Amino acid sequence: MSNILKYKDKIVSIGLLPIIITLIGLHFFPNTEMLGFGFGMSVLMLLYNLFKLKDINFFLLLGTFGIGICFFLRLFFGYKYVPLNTITPTLEFIMLSYAFLYVSAPEMYSEILDMLKIRSRTSYSLEAKIIVIFSSIHLISLGYIRYLYPVWAPEWKFFLINIIPVSIYIICFIINVLGIR
């Protein structure tokens, strides 16, 4: 834990913590409240990064947007746009979309930071590529399996929909921490 605090400016995947906590918390708490908690936690961490560290964490920004979109859709529209048991794949798709934009057009992200006069000292390309590759494989195979087998056993459904996305973000965090060592 002391290494994490010592190298907190180098651990770029620390921005994934709010989304990991939110995805895990969705299993234990009501969805709307947990999304609200995750969004609040993300906003607080983002403000801390902006004003205290004078830096912006790309994954924290992604998580804030993703959790915020799901939270406000669920809060104002109920289950109309984010149906029951689809929050995790929805968040994964949002994270995949933003990470894909970063991987395919990083200069666009740099231009946005320059407009806001914010400096980013780190590169997020390795972790963003991991998210793009693994999330793409997961979502495509999830759709394919759902098409082939419309009825799933509850254990497989829980594993495929909920455990794999959290595992992808934990893998990114571990690779980042091991890369620092």
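A brief look at the structure comes next. (Residues numbered from 1 in each chain as written. Predicted model: local features only at pLDDT ≥ 70, side-chain atom pairs only at ≥ 80, totals over all residues. Heavy atoms only, no water.)

## Quick look at the overall build of the protein
Under the convention used in this document: Counting from the N terminus, the helices are the DSSP runs of H or I reaching at least four residues and the strands are the DSSP runs of E reaching at least two. Burial status follows relative accessibility: with a 1.4 Å probe on protein chains alone, a residue under 20% of its type maximum counts as buried, one over 50% as exposed, and anything between as partly exposed. It only takes one pair of heavy atoms within 4.5 Å for two residues to be counted as in contact. Surface exposure here means Shrake-Rupley accessible area, sampled with a 1.4 Å probe, where a residue is shielded only by the protein chains that are shown.
A tally of helices and strands in the protein yields eight helices and zero strands. Going from N to C terminus, the protein has its helices and strands arranged as α-α-α-α-α-α-α-α. Expressed as a percentage of its 181 residues, the buried residues of the protein come to 41%. Long-range contacts, defined here as pairs at least 24 residues apart, represent 75% of the contacts in the protein between residues at least 6 apart. Surface summary for the protein: the accessible area is close to 10,600 Å², and the carbon and sulfur share equals 72%.

## Topic: the side chain of T22
Its place among the elements puts T22 in helix 2 (residues 17-25). The buried category is assigned to T22, whose relative accessible area is 0%. Leave out the neighbours within four places in its chain, and T22 touches M34, L35, G38 and I67.

## Details of the nonpolar core
The nonpolar side chains of soluble globular proteins are, as a tendency, buried together. The criterion, for reference: Residues enter a nonpolar core if they are buried and are Ala, Val, Leu, Ile, Met, Phe, Trp, Tyr or Cys, with the set joined through side-chain atoms within 4.5 Å.
Membership of the largest hydrophobic core comes to 42 residues, with the highest contact counts inside it found for L16, I19, L35, F59, L91, Y109 and Y169. Mapped onto this core, the elements with two or more residues apiece are helix 2, helix 3 (31-51), helix 4 (58-77), helix 5 (87-104), helix 6 (106-115), helix 7 (125-148) and helix 8 (154-180). Residue contributions to this core peak at eight residues, all from helix 4. If we skip the residues at most four places from it in the chain, L91 touches I19, L23, L35, G66, I67, C70 and Y169.

## Observations regarding the packing of helix 5 against helix 6
Just so we agree on the cut-off: Geometry is summarised by axes, namely lines fitted to C-alpha atoms with helices restricted to the contacting stretch, and by angles between N-to-C directions that run from 0 to 180 degrees. These descriptions rest on fixed angle ranges, namely under 35 degrees for roughly parallel, over 145 for roughly antiparallel, 65 to 115 for roughly perpendicular, and the rest for oblique.
Helix 6 packs onto helix 5 with a crossing angle of 95° between their chain directions and a minimal axis gap of 5 Å. Judged on the interaxial angle alone, helix 6 and helix 5 are roughly perpendicular. Side by side, helix 5 and helix 6 meet where L101, Y102, V103 and S104 of the first sit next to P106, M108 and Y109 of the second.

## A look at the environment of I19
Its location among the elements puts I19 in helix 2. Beyond its immediate chain neighbours, meaning those up to four positions away, I19 contacts G63, I67, L91, M95 and Y169.

## Side note on the packing of aromatic side chains
Spelled out, the test is: Ring pairs are drawn from Phe, Tyr and Trp, using the six-membered ring of Trp, whenever the two centres fall within 6.5 Å, and their geometry is named by plane angle: stacked under 30 degrees, edge-to-face over 60, tilted for the rest.
Overall, the coordinates contain seven aromatic pairs when judged by the stated rule. The interplanar angle of 80° and the centroid separation of 5.4 Å between the aromatic rings of F39 and F72 together place this pair among those described as edge-to-face. Residue F39 is found in helix 3, and its partner F72 is found in helix 4; the two are separated by 33 residues along the sequence. Aromatic pair W156 and F159: ring centres 6.2 Å apart, planes at 90°, arrangement edge-to-face.

## Here we look at the packing of helix 2 against helix 4
Note the following rule: Side-chain classes follow a simple rule in which Ala, Val, Leu, Ile, Met, Phe, Trp, Tyr, Cys and Pro form the nonpolar group, Asp, Glu, Lys and Arg form the charged group, and the remainder, Gly included, forms the polar group.
Where helix 2 contacts helix 4, the axes come no closer than 8 Å and their chain directions differ by 35°. In this structure, helix 2 contributes P18, I19 and T22 to the contact, and helix 4 contributes L60, G63 and I67. Split by residue class, the contact of helix 2 with helix 4 holds four nonpolar, two polar and no charged.

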